[in-house]
Number of protein chains: 2
Amino acid sequence: MSSPTTPRRGYHHGDLRAGLIREGIALLGETGVAGFSVAKVAVRAGVSSAAPYRHFPDREALLAACAAAILAEITDLLAAAAEQAGPDPLDRFAATAGAYTRYVLEHRAGIDLIYSYDFSGPHHPTIQEQSRHLTGTLMDLASAVLPADTSWADTADFVYVHLSTTHGYATLLMKVTRRPPEDIDSLAARAVTAARDHITGYLQRLLR
Amino acid sequence: MSSPTTPRRGYHHGDLRAGLIREGIALLGETGVAGFSVAKVAVRAGVSSAAPYRHFPDREALLAACAAAILAEITDLLAAAAEQAGPDPLDRFAATAGAYTRYVLEHRAGIDLIYSYDFSGPHHPTIQEQSRHLTGTLMDLASAVLPADTSWADTADFVYVHLSTTHGYATLLMKVTRRPPEDIDSLAARAVTAARDHITGYLQRLLR
DNA sequence: GTCTATAGGGAGATAGAC
DNA sequence: GTCTATCTCCCTATAGAC
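These figures come from a predicted structure and were not determined experimentally.

S.K.: Where do I start with the overall build of chain A in this structure?
M.R.: Helix and strand counts for chain A come out as eight helices and zero strands. Secondary structure elements of chain A, listed N to C terminal, follow the sequence α-α-α-α-α-α-α-α. When each of the 208 residues of chain A is scored for burial, the buried share is 49%. Within chain A, contacts between residues at least 6 apart in sequence are counted, and of these 69% link residues at least 24 apart. About 10200 Å² of surface is accessible on chain A, with carbon and sulfur atoms providing 55% of the total.

Given below as structure tokens:
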């Protein structure tokens, strides 16, 4: 992460901005948005509580940067999971539910930021861009599953339900499993099954 | 709400405990857990910031009381929705998704408390009891939908996925729709359809 | 760019009067 | 049971030295 020439005591004189985002995400994972503070992130990164304000104008900007980074990572994970799932479109699409669940369980909270905070305003273009990127990835995968004549709006609706229900499953699971369970695999597999059930029922309904 | 004999200036000398819970829920609905504070609730209820501590030992106890009240109301709404849905078991079960979505959209946040706060410890027996009550209601409805030989564990699993995915749909919807939409009906109907798709897919999978 | 120091505010919780 | 007053802590954000 650090260039070979920098001695790198903490993040001093290194890439503090990136370090703050990383520690911010870690803190969010441990305490949720409620326990988040600029001061704590600064301590974790090994700098004074004033240092972050040289890189982010205020608390919300740091939160937004963390949210954007989380969204980007999730998007990558979903795409990778689809890739690993093989050639079958249904397998590929359903696999995203497993990857999402796995991410939430492994990073505990963290993700609640995106859904508990209001970043929908025009002040956070990066988040909106990442959000579109995530949606676009799922839209592509969904298009391969749904009938060829499915409209864009219907595809978007389907993706929306898929994403939101997967999110609900993963987050509620995170709440219930007090400690990180060893069998994340089986829980992620259950999410995939639920996603497949959803697709099956959806396609079945179209036939009638 | 107040007895006929009490003059009732604010909640003074009235049922302050109930008033605090009511105002607490209202505040949660407006600001979410992040904006919740005992002081604000006190002001809303028309009492000083110290008064709540005569009824609740600390902030968390008040939050827990609000959560329990919300859970109880939701349970009633789900049961009522099933009742109104008619005799068909599938209709009755799926109707709970609509009622849940309607509640979340009408009360905005509020419900995020239950899923963003950790009440799973043994310190909140009321919440756990209400939670069991909610689950039990859904278990009964699910039993009528699933095959007669379905095990308790499988029924519970099915209910869990139904509840969590419905929750995810409703909450993400709440985030996206900036202002309370006029067409809550259509959004609730979409939730019912998603629930039906889930059931259909689930039953279909059992056949194979 | 990072530090120390601090202003300013909000919120949890308690003490004692009434 | 409710009030006023207050203590303490933590957090956001800024000012100015280095």
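On we go.
S.K.: What is the right way to look at the side chain of T165(A) in this model?
M.R.: Topologically, T165(A) is positioned in helix α7 (residues 152-176). Ignoring sequence-local partners within four residues, the contact set of T165(A) consists of S164(B), T165(B) and Y169(B).

S.K.: Just checking my understanding: could you explain the interface of chain B and chain A for this structure?
M.R.: Interfaces are frequently sized by the accessible area removed from exposure as the parts join. Taken together, the contacts link 29 residues of chain B with 28 residues of chain A. Summing the contributions of chain B and of chain A, the shared interface buries around 2700 Å²; its carbon and sulfur component is 58%. It is Y160(B), L172(B) and D197(B) in chain B that bury the most area against chain A; as a group they hold 22% of the surface buried on that side. Here chain B and chain A share four salt bridges between them.

S.K.: Can you walk me through empty space enclosed by the protein in this structure?
M.R.: Picture a little ball the size of a water molecule; that probe, rolled over the atoms, points out where space is still empty. A complete count under the given rule lists two cavities of 30 Å³ or more for this structure. Taken as a whole, the largest cavity spans an internal volume of roughly 210 Å³. Along the walls of the largest cavity sit 20 residues, with V161(A), T165(A), H198(A), T165(B) and H198(B) positioned nearest its centre. Per-class residue counts for the lining of the largest cavity are 12 nonpolar, eight polar and no charged.

S.K.: Could you clarify how one ought to interpret the relation of the copies chain B and chain A in this entry?
M.R.: In the superposition of chain B on chain A (RMSD 0.1 Å, axial shift 0.1 Å), the rotation amounts to 180°. The symmetry that links the two subunits is that of a two-fold axis. The share of interface residues of chain B whose copies in chain A are also at the interface is 97%, consistent with both copies meeting through the same surface.

S.K.: Just to check I follow, could you spell out the protein's contact with DNA strand D for this structure?
M.R.: Taken together, 18 residues surround DNA strand D, and among them Y53(A), R59(A), S48(B), R54(B) and H55(B) come closest. In this structure, a phosphate oxygen belonging to DNA strand D sits 3.4 Å away from a side-chain N or O atom of Y53(A). Measuring from a phosphate oxygen of DNA strand D, one finds a backbone N or O atom of R59(A) at 2.9 Å. Broken down by element, the residue count for the surface near DNA strand D peaks at three residues, all from helix α2 (residues 38-45) of chain A. Looking at side-chain class alone, the surface near DNA strand D contains eight nonpolar, six polar and four charged residues.

S.K.: What exactly am I supposed to notice about the packing of aromatic side chains here?
M.R.: The geometry of two aromatic rings is summed up by the distance between their centres and the angle between their planes. Residues and elements named next belong to chain A. For the structure shown, the criterion picks out six aromatic pairs over all chains. With a centroid separation of 4.7 Å and 55° between ring planes, the pair formed by F158 and Y202 is classed as tilted. Separated by 44 residues along the polypeptide, F158 in helix α7 and Y202 in helix α8 (residues 184-207) bring together distant segments of the chain. You'll find F158 and Y202 in the same group, each marked buried. Members of the aromatic cluster, each reached through a chain of ring pairs, are F93, F158 and Y202.

S.K.: Before we go on, may I ask you to explain the protein's contact with DNA strand C in this structure?
M.R.: In the vicinity of DNA strand C lie 18 residues, with S48(A), R54(A), H55(A), Y53(B) and R59(B) positioned nearest. Near the protein, within 4 Å, the atoms of DNA strand C are sugar or phosphate in 68% of cases. Here a phosphate oxygen of DNA strand C and a backbone polar atom of V38(B) are 3.1 Å apart. A distance of 2.8 Å separates a phosphate oxygen of DNA strand C from a polar atom in the backbone of R59(B). When residues in the surface near DNA strand C are grouped by element, the largest group, three residues, is from helix α2 (residues 38-45) of chain B. When the residues that make up the surface near DNA strand C are grouped by side-chain class, the tally is eight nonpolar, six polar and four charged.

S.K.: I keep staring at helix α6 (residues 125-145) of chain B and nothing clicks. Help me out?
M.R.: Within an α-helix, residues lying three or four positions from one another point in the same direction, as the helix has 3.6 residues per turn. Residues and elements named next belong to chain B. Taking 1.5 Å per residue, 21 residues should reach 30 Å; α6 reaches 30 Å between its end C-alpha atoms and fits that length. Every buried residue of α6 is accounted for by I127, Q130, L134, T137, L138, M139, L141, A142 and V145. Those residues of α6 hidden inside the fold are in contact with α3 (59-84), α4 (89-106), α7 (152-176) and α8 (184-207).

The rules we used
Residues numbered from 1 in each chain as written. Chains lettered and ligands numbered in written order. Predicted model: local features only at pLDDT ≥ 70, side-chain atom pairs only at ≥ 80, totals over all residues. Heavy atoms only, no water. Helix = DSSP H or I, 4+ residues; strand = E, 2+ residues; numbered from the N terminus. Buried < 20%, exposed > 50% of the residue type's maximum accessible area, 1.4 Å probe, protein only. Contact = heavy atoms within 4.5 Å. Areas by Shrake-Rupley, 256 points an atom, 1.4 Å probe, with all protein chains shown as cover. Buried area = accessible area lost by both parts, 1.4 Å probe. Salt bridge = Lys/Arg side-chain N within 4 Å of Asp/Glu carboxyl O. 1 Å grid on protein atoms, 1.4 Å probe; cavity = no way out; pocket = protein on both sides within 12 Å on 5 of 7 lines; lining within 4 Å. Points joined across faces, edges and corners; volume = space filled by probe spheres on them. Nonpolar A, V, L, I, M, F, W, Y, C, P; charged D, E, K, R; others polar. Least-squares fit on C-alpha atoms with pLDDT ≥ 70 in both. Near = heavy atom within 4 Å. Polar contact = N/O pair within 3.5 Å; in protein donor to acceptor, adjacent residues only side chain to side chain. Phe/Tyr/Trp six-rings, centres within 6.5 Å; stacked < 30°, edge-to-face > 60°. Expected span 1.5 Å × (residues − 1).

By themselves these figures say nothing about function.
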